[in-house]
Amino acid sequence: MKVEIDSFSGAKIYPGRGTLFVRGDSKIFRFQNSKSSSLFKQRKNPRRIAWTVLYRKSHKKGITEEVSKKRSRKSVKTQRAIVGASLDFIKERRSIKPEIRKAKRDEKIKADKEKKKADKAARKAEKAKLAGASGSKVSKQQAKGAFQKVAATSR
């Protein structure tokens, strides 16, 4: 007794059961019932239909024999130097206590603020010097060389 297998569902087809479908390219498909035949002809994917063997295999259903624990490799963490910082420098920075780190940060911010203030004062002094040298006030348009208005004369 030869038992065939359904081309769509993967079910067993016993002698005297099922239908045979021969495609134009002479490929033979066997179906156990009209349900699997219809779904095949609708071009349904058997991996997405829950009751087919292919679905059960792809979703790991009913496999109880092969329960072997998978070995997981522990990843070993290594530290490497990056561009602009050696490994020693990185380790040194990491070992600094948070209080010291905060103090250094505050100090740097303070120094930056003072530098910014000094730059602003220097710019202001330079601007005042330029304004004092030219004497009369000149608008932006005049400074760019715009045409001066001529006073109207009466006839």
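Worth saying up front: this structure is predicted, and the values here are computed from it rather than measured. (Residues numbered from 1 in each chain as written. Predicted model: local features only at pLDDT ≥ 70, side-chain atom pairs only at ≥ 80, totals over all residues. Heavy atoms only, no water.)

A. View of the overall build of the chain. In terms of helices and strands, the chain carries 5 helices and 4 strands. Order of helices (α) and strands (β) in the chain, N terminus to C terminus: β-β-β-β-α-α-α-α-α. The globule rule puts the C-alpha radius of gyration for 155 residues at 15 Å, and the 43 Å found for the chain is more than 25% above it. For the chain, the spread of C-alpha atoms along the principal axes amounts to about 120 × 75 × 25 Å. Residues classed as buried in the chain amount to 10% of the 155 residues present. Counting only contacts in the chain whose residues sit at least 6 apart along the sequence, the fraction spanning at least 24 positions is 25%. Accessible area for the chain stands at about 15300 Å²; split by element, carbon and sulfur atoms hold 53% of it. (Helix = DSSP H or I, 4+ residues; strand = E, 2+ residues; numbered from the N terminus. Rg over C-alpha atoms; globule rule 2.2 N^0.38 Å. Buried < 20%, exposed > 50% of the residue type's maximum accessible area, 1.4 Å probe, protein only. Contact = heavy atoms within 4.5 Å. Areas by Shrake-Rupley, 256 points an atom, 1.4 Å probe, with all protein chains shown as cover.)

B. Expanded view of the domain arrangement of the chain. If you check the domain split of the chain, you get domain 1 (4–59) and domain 2 (87–128). The centre of domain 1, based on its C-alpha atoms, is set 74 Å off from the matching centre of domain 2. (Domains from an automatic or database assignment.)

C. Representation of the pattern of salt bridges within the structure. One pass over the full model with this rule turns up 5 salt bridges. Ionic pairing is found between Lys2 and Glu4, a salt bridge with its closest N-O pair at 3.6 Å. A residue is classified by how much of its surface remains accessible, and Glu4, at 22% relative accessible area, is partly exposed. Among the salt bridges present, the one from Asp25 reaches Arg23, with a minimum N-O distance of 3.2 Å. The exposed category is assigned to Asp25, whose relative accessible area is 51%. (Salt bridge = Lys/Arg side-chain N within 4 Å of Asp/Glu carboxyl O.)

D. Expanded view of a positive patch on the surface. Side chains of Arg93, Arg101, Lys104 and Arg105 sit close together on the surface and give a patch of like positive charge. Structurally, the position occupied by Arg101 is in helix α4 (residues 98–134). (Patch = residues over 30% accessible without salt bridge, like charges linked within 9 Å, V, L, I, M, F, W, Y side chains within 5 Å. Lys, Arg positive; Asp, Glu negative; His and termini not counted. Charge placed at Lys NZ, Arg CZ, Asp CG, Glu CD.)

E. The nonpolar core, seen in detail. In terms of nonpolar packing, the biggest core is built from 5 residues, these being Phe8, Phe29, Phe31, Leu39 and Ile49. Ignoring anything within four residues of it in the chain, the contact list for Phe8 reads Phe31, Ser36, Leu39, Phe40, Lys44, Pro46, Ile49, Trp51, Thr52 and Leu54. (Core = buried A, V, L, I, M, F, W, Y, C linked by side-chain atoms within 4.5 Å.)

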